[in-house]
Protein chains: 2
Amino acid sequence: MLTGVLYALSDPVRLSIVKHLAEDGGKACGTFCLPVAKSTASHHFRVLREAGVIQMRPEGTQYITSLRREDLDCRFPGLLDSVLQASGPI
Amino acid sequence: MLTGVLYALSDPVRLSIVKHLAEDGGKACGTFCLPVAKSTASHHFRVLREAGVIQMRPEGTQYITSLRREDLDCRFPGLLDSVLQASGPI
DNA sequence: ACCAATGTTCGTATACTATCGAACAATTGG
DNA sequence: CCAATTGTTCGATAGTATACGAACATTGGT
């Protein structure tokens, strides 16, 4: 759902996650240096995942997180790019 | 703020308002046939206005509402267009 | 087997959002 | 001046979001 994606991207913490992923590709959850507790971070990752913005695959004790760029570009062409461009550098 | 715009657009009622405005240009608040009470509609118009998505100018007893397309396209190039395209027809 | 590392889940507290109806303000028209 | 129209504001309420710490599960290494 479009509104779900927009909502997921409307939180500063989650937008920061997406920006880092757009820059760096796949990363483990713990490598984001987020200004919240890890339980809160886990919540934000879930919101992004359930909105279809990211995917997470387990690898050892950690989860490698990555953007679902192709899916997003297919469902909502240009949206992610414009958001990333508008959000500026990290 | 980008997150403010994304948040404003993440509500179905508000997105519907924006879609109608993109289609029809300036309209009075009462002409949107929204599925909420007018006090609630007024709240949604305010959220959109404060996020910089729309502008409202008084004209008689009503407010003519319109998209701030140029401002948005300048601040967040491509964003509104991709959202409108992704949101489909009214 | 045990311990450390990584996230998730749970319970909870706080804050914000969407919603409504009622009351109010401003303007237009009779 | 009075009434109708249009939208805002206020107060209340129910639901949802964000945040945290504590406890738990899973995996990998010692």
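Quick caveat, the model's predicted, so the values are computed rather than measured. (Residues numbered from 1 in each chain as written. Chains lettered and ligands numbered in written order. Predicted model: local features only at pLDDT ≥ 70, side-chain atom pairs only at ≥ 80, totals over all residues. Heavy atoms only, no water.)

Draft legend 1. Molecular detail of the protein's contact with DNA strand D. Among the 23 residues in the neighbourhood of DNA strand D, the closest are listed as Tyr7(A), Ala37(A), His44(A), Lys38(B) and Ser42(B). For DNA strand D, the backbone makes up 63% of the atoms found within 4 Å of the protein, where backbone means sugar plus phosphate. A distance of 2.5 Å separates a phosphate oxygen of DNA strand D from a polar side-chain atom of His44(A). At 2.9 Å, a backbone N or O of Cys29(B) approaches a phosphate oxygen of DNA strand D. Tallying contributions element by element places helix 3 (residues 38–50) of chain B first for the surface near DNA strand D, with 5 residues. Partitioned by chemical class, the residues of the surface near DNA strand D number 7 nonpolar, 11 polar and 5 charged. (Near = heavy atom within 4 Å. Polar contact = N/O pair within 3.5 Å; in protein donor to acceptor, adjacent residues only side chain to side chain. Helix = DSSP H or I, 4+ residues; strand = E, 2+ residues; numbered from the N terminus. Nonpolar A, V, L, I, M, F, W, Y, C, P; charged D, E, K, R; others polar.)

Draft legend 2. Inspection of the protein's contact with DNA strand C at higher detail. Around DNA strand C lies a shell of 23 residues, among which Ser42(A), Tyr7(B), Ala37(B), His43(B) and His44(B) are the nearest. Atoms of DNA strand C within 4 Å of the protein belong to the sugar or the phosphate in 63% of instances, the rest to bases. Taking Arg14(B), its side chain carries an N or O atom lying 3.1 Å from a phosphate oxygen of DNA strand C. Between DNA strand C and His43(B), the relevant distance is 2.8 Å, taken from a phosphate oxygen to a side-chain nitrogen or oxygen of the residue. Residue assignment for the surface near DNA strand C shows that the elements contributing at least two residues are helix 3 (38–50) and strand 3 (62–67) of chain A together with helix 3 of chain B. Classifying every residue of the surface near DNA strand C by side-chain character gives 7 nonpolar, 11 polar and 5 charged.

Draft legend 3. Highlighting the relation of the copies chain A and chain B. After a rotation of 180° and a shift along the axis of 0.0 Å, chain A superposes on chain B with an RMSD of 0.0 Å. Each copy turns onto its partner about a two-fold axis. Take the interface residues of chain A: 100% of them recur as interface residues in chain B, which is what a same-surface contact looks like. (Least-squares fit on C-alpha atoms with pLDDT ≥ 70 in both. Contact = heavy atoms within 4.5 Å.)

Draft legend 4. Representation of the pattern of salt bridges. Residues and elements named next belong to chain A. Summed over all chains, the structure comprises 8 salt bridges over all chains. The salt bridge involving Lys27 is made with Asp24; its shortest N-O contact spans 3.5 Å. As a salt-bridge pair, Arg69 and Asp81 come within 3.3 Å of each other at their nearest N and O atoms. Placement of the pair is Arg69 in helix 4 (residues 69–75) and Asp81 in helix 5 (residues 79–87), with a sequence separation of 12 residues. A relative accessible area of 31% places Arg69 in the partly exposed class. (Salt bridge = Lys/Arg side-chain N within 4 Å of Asp/Glu carboxyl O. Buried < 20%, exposed > 50% of the residue type's maximum accessible area, 1.4 Å probe, protein only.)

Draft legend 5. Examining the packing of helix 2 (residues 12–24) of chain B against helix 3 of chain B more closely. All names here are of chain B. Contact pair helix 2 / helix 3: the axes reach a minimum separation of 10 Å and the direction vectors enclose 70°. Classed by the angle they form, the pair helix 2 and helix 3 counts as roughly perpendicular. As for the relative orientation of helix 2 and helix 3, their crossing is right-handed in sense. Side by side, helix 2 and helix 3 meet where Val13, Arg14, Ile17 and Val18 of the first sit next to His43, His44, Phe45, Val47 and Leu48 of the second. (Axes fitted to C-alpha atoms, helices over the stretch in contact; angles between N-to-C directions. Parallel < 35°, antiparallel > 145°, perpendicular 65-115°, else oblique. Left-handed = near helix turned anticlockwise from the far one by under 90°.)

Draft legend 6. Inspection of the environment of Thr31(A) at higher detail. Residues and elements named next belong to chain A. Mapped onto the elements, Thr31 comes out in the loop between strand 1 (27–28) and helix 3. Between the C-alpha atom of Thr31 and that of His20, which follows or precedes it by 11 residues, the distance is 9.8 Å. From its side chain, Thr31 meets the backbone oxygen of Ala28 in a polar contact 2.7 Å long.

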